[in-house]
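Below are the chains, spelled out letter by letter.
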Amino acid sequence: MGFLSFMVLIGIAYLVWRVTDQLPDLIFRLSELQRDVAEIARRIKEDDAAATSADDD
C-alpha cells in the first residue's frame, strides 16, 4: 500500500510540475483573449453609437 501511495504522490507531483511549466504560456494566452474580447466590445459599442446617431438624423 505504501508503494501505491508513493506512486500516486509522484503522479501528483508530475502533474503539478507540468501545470506550473505551462503557466506562463497560459497567462499569455489569457491576456491575448482578454485583449480580443475588449476589442470586440469596443467595436460593438462604436457600432451602437453610430447606429444611434444615424437614427437621430
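Residues numbered from 1 in each chain as written. Predicted model: local features only at pLDDT ≥ 70, side-chain atom pairs only at ≥ 80, totals over all residues. Heavy atoms only, no water.

So, the packing of aromatic side chains
Reasoning step 1: Taken as a whole, this structure holds 1 aromatic pair when the rule is applied.
Reasoning step 2: Taken together, a centroid distance of 5.9 Å and an interplanar angle of 45 degrees make the contact between Tyr 14 and Trp 17 tilted. Here Trp 17 and Tyr 14 lie together in helix α1 (residues 2–56), a separation of 3 residues that amounts to about one turn. (Phe/Tyr/Trp six-rings, centres within 6.5 Å; stacked < 30°, edge-to-face > 60°. Helix = DSSP H or I, 4+ residues; strand = E, 2+ residues; numbered from the N terminus.)

Quick word on the pattern of salt bridges
Reasoning step 1: Tallied over the entire structure, the rule returns 7 salt bridges.
Reasoning step 2: A salt bridge links Asp 36 to Arg 35, with the shortest nitrogen-to-oxygen separation between them at 3.8 Å.
Reasoning step 3: Of the residues examined, Asp 36 reaches a relative accessible area of 37% and is grouped as partly exposed.
Reasoning step 4: Two residues, Arg 43 and Glu 39, come together in a salt bridge whose shortest N-O distance is 3.2 Å. In this pair, Arg 43 and Glu 39 both sit in helix α1, 4 residues apart, roughly one turn of the helix.
Reasoning step 5: The structure contains a network of salt bridges with shared partners spanning Glu 39, Arg 42, Arg 43 and Glu 46. (Salt bridge = Lys/Arg side-chain N within 4 Å of Asp/Glu carboxyl O. Buried < 20%, exposed > 50% of the residue type's maximum accessible area, 1.4 Å probe, protein only.)

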